[in-house]
Amino acid sequence: MNKVSFEIVGKGVPVKDANQKVSGTLTYATDFGVYRMAHGRILRSPHPYARVISINTSKAEALPGVIAVLTHFDTPRLNWEAPWFNYRGKVLDGIARFVGDEVAAVAADTVEQAEKALSLIAIEWEVLTPVLTVEEAAAKGAPQIRDEGNLRPSYLFEWGNLAEAEASADYSVSCDIRFPAQQYAPLGRNACVAEWQGDHLTLWTGSQTPSEVKDGLHEALGIPQSRITVQALPTGSSFGCWWTNNFMLLTALLARKAGRAVRIELDNDECMATVKRRHEERSRARMGCDSDGNLTFLDMDHVIDNGAYGFKDDVGFTSPDLWNGIKNGRASVTGINTNRVTAGCFRGVGDCTLSVAVERMADQLAEKVGLDPVAFRIKNQISAGERFRSLEQFETEALQASGGDLLAAVPPDLRDDWPKLFHLSSGSPLPMLRDGADRFRWNERFVGWGRPHHVDGPKHRAVGVGTGSHTCGVETEGNSSAIVRINPDGTAKACCSVGRHGNGSETTLAQVAAEALGLKLDQVEVEAGNTDACPWSHGSIASNTMFRTGWATRAAALDARAQLLAIAAQECFDDVDQAELDIRAGLIGFKETSGDNRQFSVSDVLNLMRGDAHGQTSSITGSSRQPMPPTTTFSRQFAVHFVEVEVDVETGEIRVLDYLALQDSGTIINPQVMKNQVIGGAICGLGYALYEELLFDSETGAVRNGNLLDYKVLRTGDFPPHAKVVFHESHDSIGPFGARGAGESPIAAAIPAACQAVYNATGVWVDLPMTPERVATALAKAATGKK
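Residues numbered from 1 in each chain as written. Predicted model: local features only at pLDDT ≥ 70, side-chain atom pairs only at ≥ 80, totals over all residues. Heavy atoms only, no water.

Our next topic: the overall build of the protein. The secondary structure content of the protein amounts to 21 helices and 31 strands. Its C-alpha atoms give the protein a radius of gyration of 27 Å, near enough to 28 Å, the size a compact globule of 787 residues would have. Across the 787 residues that make up the protein, the buried fraction comes to 61%. Look at the contacts in the protein between residues 6 or more apart in sequence, and 81% of them connect residues 24 or more apart. Accessible surface computed for the protein: about 29,600 Å², of which carbon and sulfur atoms make up 49%. Between the mean site of the 75 positive side-chain charges and the mean site of the 97 negative ones, the protein shows a separation of 3 Å. (Helix = DSSP H or I, 4+ residues; strand = E, 2+ residues; numbered from the N terminus. Rg over C-alpha atoms; globule rule 2.2 N^0.38 Å. Buried < 20%, exposed > 50% of the residue type's maximum accessible area, 1.4 Å probe, protein only. Contact = heavy atoms within 4.5 Å. Areas by Shrake-Rupley, 256 points an atom, 1.4 Å probe, with all protein chains shown as cover. Lys, Arg positive; Asp, Glu negative; His and termini not counted. Charge placed at Lys NZ, Arg CZ, Asp CG, Glu CD.)

Right, let's get into the pattern of salt bridges. Considering all chains together, one arrives at 48 salt bridges under this definition. A salt bridge links Asp109 to Arg260, with the shortest nitrogen-to-oxygen separation between them at 3.2 Å. Of this pair, Asp109 sits in the loop between strand 7 (102-108) and helix 3 (111-118) while Arg260 sits in the loop between helix 7 (246-258) and strand 14 (262-265), and the two are 151 residues apart along the sequence. The salt bridge involving Glu166 is made with Arg286; its shortest N-O contact spans 1.8 Å. (Salt bridge = Lys/Arg side-chain N within 4 Å of Asp/Glu carboxyl O.)

This brings us to the nonpolar core. If you look at the biggest cluster of nonpolar residues, it comprises 204 residues, and the most contacted ones within it are Leu217, Phe642, Tyr659 and Met770. A total of 12 residues in this core trace back to one element, the largest contributor, which is helix 17 (residues 545-571). Residues contacting Met770, with those up to four places away along its chain left out, are Ile654, Ala689, Leu690, Ala754, Cys755, Val758 and Val775. If you look at the next biggest cluster of nonpolar residues, it comprises 15 residues, including Ala60, Val69, Ala108 and Ala117. (Core = buried A, V, L, I, M, F, W, Y, C linked by side-chain atoms within 4.5 Å.)

The next subject is the sheet that holds strand 2 (residues 50-56). What the three strands build is an open sheet, ordered 6-2-8; its pairing is antiparallel. Looking at the sheet topology across the chains shown, the edges are occupied by strand 6 (95-96) and strand 8 (122-127). Strand direction decides the pairing type here: strand 2 and strand 8, joined by six bridges, are antiparallel. Considered in strand 8, the bridge of Ser54 is made with Glu124. (Pairing = 2+ DSSP bridges.)

Taking 1.5 Å of rise per residue, 18 residues should cover 26 Å, and helix 20 (residues 745-762) covers 27 Å from first to last C-alpha, within 8% of that figure. For helix 20, the buried fraction is high: 18 of the 18 residues fall into the buried class. Just past helix 20, the residue Gly763 takes up positive phi, approximately 80°. (Expected span 1.5 Å × (residues − 1).)

The domains assigned to the protein are domain 1 (18-25 + 476-623), domain 2 (32-128 + 184-273) and domain 3 (381-461 + 638-786). The straight-line distance from the C-alpha centre of domain 1 to that of domain 3 is 36 Å. Taken together, the contact between domain 1 and domain 3 spans 15 residues of the former and 15 residues of the latter. Regarding the contact of domain 1 and domain 3, the summed buried area is about 1,200 Å², with carbon and sulfur atoms giving 69% of it. Considering only the side of domain 1, the residues that lose the most area to domain 3 are Ser543, Met546 and Phe547, jointly responsible for 41% of the buried surface there. Where domain 1 touches domain 3, the interface holds zero salt bridges. Connecting domain 1 to domain 3 are three residue pairs in polar contact (both at pLDDT 80 or more). Among the elements of the structure, helix 16 (505-517) and helix 17 are those that each provide at least two residues to the side of domain 1 that touches domain 3. Residue contributions to the side of domain 1 that touches domain 3 peak at six residues, all from helix 16. Broken down by class, the residue content of the side of domain 1 that touches domain 3 amounts to six nonpolar, seven polar and two charged. (Domains from an automatic or database assignment. Buried area = accessible area lost by both parts, 1.4 Å probe. Polar contact = N/O pair within 3.5 Å; in protein donor to acceptor, adjacent residues only side chain to side chain. Nonpolar A, V, L, I, M, F, W, Y, C, P; charged D, E, K, R; others polar.)

Quick look at the structure:
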């Protein structure tokens, strides 16, 4: 397909808030305040598991400057849930389930007064026996830290005939890999301001999910959504940390009791040790292939540590879809609660863990059959048009529910526009594998499995390749919607509930709207965070922003455009068919094939006196009126990463020397924004592969390295400055102007690429993080085994 030419889409324009960011004038939650605002601080538990027997707040309340003290006696007995079960529980319930859990809160005239008041709250505790690991929590007779129990029902899916495939496999391998908890390590802290006007709550905070924050407040406080306004402010790098967090709801309740606006700002330790983290996980699996290298089966059991309030039974992974050559399989995921800080979705979620296990086993099978990593992936990974084998049971269930016609409920006039469900609609890693191998000089630098291509004393250099995929948003838990309003002056505003956390959504969604409307980019702005202005949408999670919210934004813009052209055709162009008209750079006129050169600005049309109304139109509002096809049944994003590393086999130190990232996310709306997404994903993934591990105290479960001094992340100097990014733009028939999601496949590809490169440099597989100590230990163990 020839690449379509666009006016605004595809241009690497600067992000709209660039000037504010570099000048330090962009308002984050930690910068925000309101008149007569009180300051709040949170009292946190010193115990991993304990029940409040009694709590005496009289001394704290008597302290000068203290306005209110909030305890579990002041909070509703209502559970609330964060998106994707990242939190389920009450705001406060008198039970502490991890060290650092919220127990009470104080509002005072100053932060210092609030902090002093916390020390005056007297609590009598009943200390309970904690469960600090998934093994302890799953053991028979273990203390149950939740009313629902410690174990979530396993998420299980199967396809093909596993027993027959395993019996007929020529080669099989197994793995047992533990994945550490990763901390979001947000470069910006967060804060929340809550204010009540009568029975109406307004809340300001940094969040990727404005609509879901409103949902959480409704559930936890038991008040109608019509009485809640959320203004989501920009955050620094979030990666899933700042969705809906319990401290936000606590702020709202504290403000209600105080009778004044209250602001709670988290310090660095609180951000790192009390909010959320990536799950600690364990994969135990087997995989097999035939003598030609065709994958035959996958059998996987995966366990995730939900911490205290996570409630997930699935971490979200697409590796069986990516490795569509796996003809038969079973995958089971079990979530288990422990008395450690809550765990939840982190960029890439299960595609950074389960998929790493799958890629390692694929590499081991490739070595057994004598195929190099690129060739093995080309043989076994998915191409556009293929049916998703691993979704077999879900397709069967959908067919049964629909009477055999998956589109039975879809209006007839929309059916032709829908993709073939349970088949990959567009994209594939295969072209990128071939292109990347050429660009990276793979055939020169890969000299065999477990063999470095260059040795200089103890320093061994080798290359690796990794692939990653992810969904492009999800259709469950709520739709994505948008409104586009054209103003009397001819400008427009797109209102869509998404996050602003460095992903450039305020710019890329403006590009989508401007392209659809026919306006200049500087004529279009985006309102992303105000829930009174924006219809409900799924926020910036699960790579939802461009594919699903972008789709809704384009649909709303086209609706507004159609209304505008209908008025223009009637009032300005002698009642011609509006299909004969076009809008370019904010001017309405005939399409280029017409000889009529008349033009009217958008403002002209909106402000003229209409013959059918004897008044002006003034403004037009467009909305997304049709349902979007279910994303998970047809759409994926893909990444292929190549890396060269140097491993010092004496010290275990790893250096990243060269990097090539290829990305297929369909049409690239903004190449500069996309490049930042890809490189950011690579850096985040390499950090997890090489350095990052959240450490817990073995006696209490408390976080031991909850600060940026002790928690090491990949720095700018650790990543090659000449790293290259290459886009493969396979057009998607559903995505806005052919675009798909992009945020999470890059991190998923980076991790296995690094793991494979280290194996090729050293001849040993090293679990994450591949710190110098772990590399040296693995090499010493391998040397002992050889002897």
